[in-house]
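# Remarks on the overall topology
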Amino acid sequence: MKYLATEKVNRGRQPEIDCLKAFCIVFMILLHAYEECAEEPGGFYNVLVGIEALTGAGAFMICMGLGMRYSRRQSPKDDLTRGFVLLTVSQLLNLLRDSLPCLIAYWGTGKQIFMATALLIVQTDILTFAGFAFLLIALLRHLKLSDGVILGLGFGMNVAAFALSGVFRTTGNYLLDQLLGFFLVTDAEAYFPLGCYFVFVAFGYALGGLYLRIKDKDALPTRVLLVCGPIAAVYYALRFTVPFPLLPDFFSTERYVMTPATDAVALCLMTLCVLSLFHKLLRLGGGEPPRFVKHLSGHINQYYCVSYVFFTPVGTLLLALRDELLPGTWLPLLYGLLVLAACYFIIEWNDKRLHFGIANLKGRKRTVVYAAIWIATLAIIVYVYPQVEEYATVWNDYLLAGE
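So, a few notes on the structure that sits alongside this text. (Residues numbered from 1 in each chain as written. Predicted model: local features only at pLDDT ≥ 70, side-chain atom pairs only at ≥ 80, totals over all residues. Heavy atoms only, no water.)

### A word on the overall build of the protein
Across its full length, the protein carries 16 helices and zero strands. In terms of overall size, the protein behaves like a compact globule, its C-alpha atoms giving a radius of gyration of 21 Å where 403 residues would be expected to give roughly 22 Å. Counting only C-alpha atoms, the protein reaches 65 × 55 × 45 Å along its principal axes. In the protein, buried positions account for 53% of the 403 residues. The long-range fraction of contacts in the protein, counting pairs at least 24 apart against all pairs at least 6 apart in sequence, stands at 81%. Only carbon and sulfur atoms are counted for the fraction: they give 67% of the accessible area of the protein, which is about 18,800 Å². Computed over 32 positive and 30 negative side-chain charges, the separation of the two mean positions in the protein equals 16 Å. (Helix = DSSP H or I, 4+ residues; strand = E, 2+ residues; numbered from the N terminus. Rg over C-alpha atoms; globule rule 2.2 N^0.38 Å. Buried < 20%, exposed > 50% of the residue type's maximum accessible area, 1.4 Å probe, protein only. Contact = heavy atoms within 4.5 Å. Areas by Shrake-Rupley, 256 points an atom, 1.4 Å probe, with all protein chains shown as cover. Lys, Arg positive; Asp, Glu negative; His and termini not counted. Charge placed at Lys NZ, Arg CZ, Asp CG, Glu CD.)

### Let's talk about the packing of aromatic side chains
A full pass over the atoms with the stated rule returns 28 aromatic pairs. A ring pair is formed by Phe250 and Phe251, whose centres lie 5.2 Å apart and whose planes are at 90°; its orientation type is edge-to-face. Since its relative accessible area comes to 2%, Phe250 is described here as buried. Looking at Phe251, the relative accessible area reads 47%, which means it is partly exposed. Pairwise contacts between aromatic rings join Phe129, Tyr191, Phe192, Tyr197, Phe200 and Tyr256 into one cluster. Stacked on the ring of Tyr308, the Lys or Arg Arg97 has its end atom at 4.4 Å from the ring centre. (Phe/Tyr/Trp six-rings, centres within 6.5 Å; stacked < 30°, edge-to-face > 60°. Lys NZ or Arg CZ within 6 Å of the ring centre and 35° of its normal.)

### Description of unusual backbone geometry
With a phi angle near 60°, Lys144 is a residue other than glycine that sits in the positive phi range. Relative to the helices and strands, Lys144 resides in the loop between helix H6 (126-142) and helix H7 (147-165). Backbone geometry at Asp397 places phi at a positive 55°, although glycine is not the residue there. Structurally, Asp397 is set in the segment after helix H16 (363-384).

### Structural notes on a nonpolar patch on the surface
Judged by side-chain polarity, Leu139, Leu143, Leu145 and Val149 come together as a nonpolar surface patch covering roughly 330 Å² of accessible area. Mapped onto the secondary structure, Leu139 falls in helix H6. For Leu139, a relative accessible area of 45% puts it in the partly exposed group. (Patch = residues over 30% accessible without salt bridge, like charges linked within 9 Å, V, L, I, M, F, W, Y side chains within 5 Å. Salt bridge = Lys/Arg side-chain N within 4 Å of Asp/Glu carboxyl O.)

### Some words on the nonpolar core
Ile25 and Phe198 are the most contacted members of the largest nonpolar core, which totals 131 residues. A total of 14 residues in this core trace back to one element, the largest contributor, which is helix H1 (residues 15-37). Not counting residues within four places of it along the chain, the set of residues in contact with Phe198 comprises Phe129, Ala133, Leu136, Ile137, Leu140, Ile150, Gly154 and Met157. (Core = buried A, V, L, I, M, F, W, Y, C linked by side-chain atoms within 4.5 Å.)

### A few points about the pattern of salt bridges
Working definition: two side chains of opposite charge can pair if their charged atoms are close together. Scanning all chains against the criterion turns up 14 salt bridges. Between Arg13 and Asp18 there is a salt bridge, with its nearest N and O atoms 2.9 Å apart. Judged by relative accessible area, which is 56%, Arg13 ranks as exposed. Among the salt bridges present, the one from Asp125 reaches Arg97, with a minimum N-O distance of 3.0 Å. Taken together, the residues Asp125 in the loop between helix H5 (112-118) and H6 and Arg97 in helix H4 (residues 76-109) connect sequence positions 28 residues apart.

### Observations regarding empty space enclosed by the protein
Any empty space left between the atoms is revealed when a probe the size of a water molecule rolls over them. A complete count under the given rule lists one cavity of 30 Å³ or more for this structure. Forming the boundary of the largest cavity are 16 residues, of which Ala53, Thr55, Arg255, Thr259 and Leu267 lie nearest the centre. Residues of the lining of the largest cavity, tallied by class, amount to nine nonpolar, four polar and three charged. (1 Å grid on protein atoms, 1.4 Å probe; cavity = no way out; pocket = protein on both sides within 12 Å on 5 of 7 lines; lining within 4 Å. Points joined across faces, edges and corners; volume = space filled by probe spheres on them. Nonpolar A, V, L, I, M, F, W, Y, C, P; charged D, E, K, R; others polar.)

### Section: helix H8 (residues 174-181)
Burial in H8 covers these residues: Tyr174, Asp177, Gln178 and Gly181. Looking straight down H8, one finds its buried side chains confined to an arc of 100°; they lie on one side. At the N-terminal end of H8, a side-chain oxygen is found 3.1 Å from the backbone nitrogen of Leu175, two or three residues along, and the residue is Asn173. (Arc of directions from axis to C-beta. Polar contact = N/O pair within 3.5 Å; in protein donor to acceptor, adjacent residues only side chain to side chain.)

### Overview of the side chain of Thr88
Here Thr88 shows up in helix H4. The exposure class of Thr88 is buried, given its relative accessible area of 0%. Of note is the side chain of Thr88, whose polar atom sits 3.1 Å from the side chain of Trp374. Not counting chain neighbours up to four residues away, the residues in contact with Thr88 comprise Tyr370, Ile373 and Trp374.

### Comments concerning the packing of helix H13 (residues 291-298) against helix H15 (residues 330-354)
One can describe the packing of H13 onto H15 by two numbers: an axis separation of 11 Å at closest approach and a directional angle of 75°. Classified by the angle their axes make, H13 and H15 are roughly perpendicular. Residues Arg291, Phe292, His295 and Leu296 of H13 lie in contact with H15, whose contacting residues are Leu340, Tyr344, Ile347 and Glu348. Classifying every residue of the contact of H13 with H15 gives five nonpolar, one polar and two charged. (Axes fitted to C-alpha atoms, helices over the stretch in contact; angles between N-to-C directions. Parallel < 35°, antiparallel > 145°, perpendicular 65-115°, else oblique.)

### A look at the packing of helix H9 (residues 194-211) against helix H12 (residues 261-284)
Direction vectors running N to C along H9 and H12 enclose 40°, while the axes themselves pass 11 Å from each other. Viewed along their axes, H9 and H12 adopt a mutual orientation that is oblique. Judged by the sense of rotation from one axis to the other, the crossing of H9 with H12 is right-handed. Contacts from Val199, Phe200, Phe203, Leu207 and Tyr211 in H9 reach Ala264, Leu267, Cys268, Leu272 and Leu275 in H12. Looking at side-chain class alone, the contact of H9 with H12 contains 10 nonpolar, no polar and no charged residues. (Left-handed = near helix turned anticlockwise from the far one by under 90°.)

By themselves, these observations are geometric and do not establish any function.
This is the structure we're talking about:
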């Protein structure tokens, strides 16, 4: 191909990928502001849902796959370590975001909904998915599988998980369903099953192999936009307006969780278009993204975790004290923007002064802290599970419909 070299010639930081990561996390944070803190999301929330449907979590995962090819540490052992760290960070987030605030709210109000929500200490959060994705990539790298085989495996897993969801959704035991929900679609909190979403990591991983060989970054984006743009535009125009046989409604929970293969392909094409568009915009502006974009891209996991601690516990507090969340359309948006700004200053302050991060812990400190997180997780499961009869999941809107 005239756009690709035989050797790796496109090394170093890729500004358009920074822009895509920043784009994804900003809209994800604003979307979370509505989902966690708004009484009746509407208006601008619907715009955010549309943007998220076209890129969102899938593009976030494609960036993760791309990053695996540009990382300085790419051995299976490094991937295993990264995967375990992400799983532990995810559990800490579940503790701070869901379980501890909900237990406090339950002890203060006696409302069973808070006890049920505290069981979200186990769930398929996107960081949990990322942890399992790194573990799987470690295995595939150890087996020395080619990029094409890994991509084929990703699509195969997606198709198999979608097909299986039509005949199997529950074992009859919630905890077992939740454990399976890390990998398959079940009736538990199976929001980002590995089987459904690994296709995006696999695509990003394969794309990264090509990205390293791009020798003409100015001409290739034009070709991508001309080829991929019309295909994605036509597909989404039809998908939004015409029922597709066998596929769930595009804006349904089922579609979001399952990401059927055709939707996954369209999202991959759309992500390629967005990357190409960002490259062209950057060339017009001098080639370098703004400092804030670099900050967002370089601290994407920190923004995700810190922002969520400002959202879900606040929503829990509002429900405990007022039985309702933030009113109107613009107040949740304003709060989301304030949280975004607060995250920037907190992360900057931590980088310059505190230098805290559990992912960077070493030796005995890491052992003690990580053990404490997993012991706390087990203790909360043992305490909460026997007291819950109806489980809060994405499938029943976390029991909020009846509140």
